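# Tertiary structure, described
The lines below spell out each chain.
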Amino acid sequence: MPARRTYTREYKVEAVRAAERSGNAAQTARDLGIRPALVHRWKRELRDDGHHAFSGNGVPRDEELAKLKRENKRLQEENAILKKAVGIVASPSR
């Protein structure tokens, strides 16, 4: 199985611009030696995310979302513990 190729953000943006200039994404992809579906996906990502497109480091968005959800849950639990501690310390002594 061939190694997975990675492309820089600049390469992707330039590929999309070249496809837009030529008006033919499939031909641009062939000229670059990549699959046309890749250029189409890059065009969509650039259109949808604009300046933030291609900012990742190879981590799929689903994994990133799951990581953020786990972190959010942990922080909520820590917050609940701190609230209980404040309630115990602030309660009048008997």
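Everything in this summary refers to the structure shown in the same document. Small disclaimer: the values here were computed from a predicted structure and weren't measured. (Residues numbered from 1 in each chain as written. Predicted model: local features only at pLDDT ≥ 70, side-chain atom pairs only at ≥ 80, totals over all residues. Heavy atoms only, no water.)

## As for the nonpolar core
- With 13 residues, the main nonpolar core has Ile 34, Val 39, Trp 42, Leu 46 and Phe 54 as its most contacted residues.
- Dropping the residues within four chain positions of it, Trp 42 is found in contact with Tyr 7, Tyr 11, Lys 12, Ala 15, Val 16, Ile 34 and Phe 54. (Core = buried A, V, L, I, M, F, W, Y, C linked by side-chain atoms within 4.5 Å. Buried < 20%, exposed > 50% of the residue type's maximum accessible area, 1.4 Å probe, protein only. Contact = heavy atoms within 4.5 Å.)

## With respect to the packing of aromatic side chains
- If you walk through the whole model with that rule in mind, you get three aromatic pairs.
- Here Tyr 7 and Tyr 11 contribute two aromatic rings whose centre-to-centre distance is 5.2 Å and whose plane-to-plane angle is 20 degrees, an arrangement assigned as stacked.
- Taking 6.2 Å as the distance between ring centres and 85 degrees as the angle between the ring planes, the aromatic pair formed by Tyr 11 and Trp 42 counts as edge-to-face. A residue pair is termed long-range when its members are at least 10 positions apart, and Tyr 11 in helix α1 (residues 9-22) and Trp 42 in helix α3 (residues 36-49) qualify at 31 residues.
- In this structure Tyr 11 comes out as partly exposed when scored by relative accessible area, which is 28%.
- In this structure an aromatic cluster arises from ring pairing among Tyr 7, Tyr 11 and Trp 42. (Phe/Tyr/Trp six-rings, centres within 6.5 Å; stacked < 30°, edge-to-face > 60°. Helix = DSSP H or I, 4+ residues; strand = E, 2+ residues; numbered from the N terminus.)

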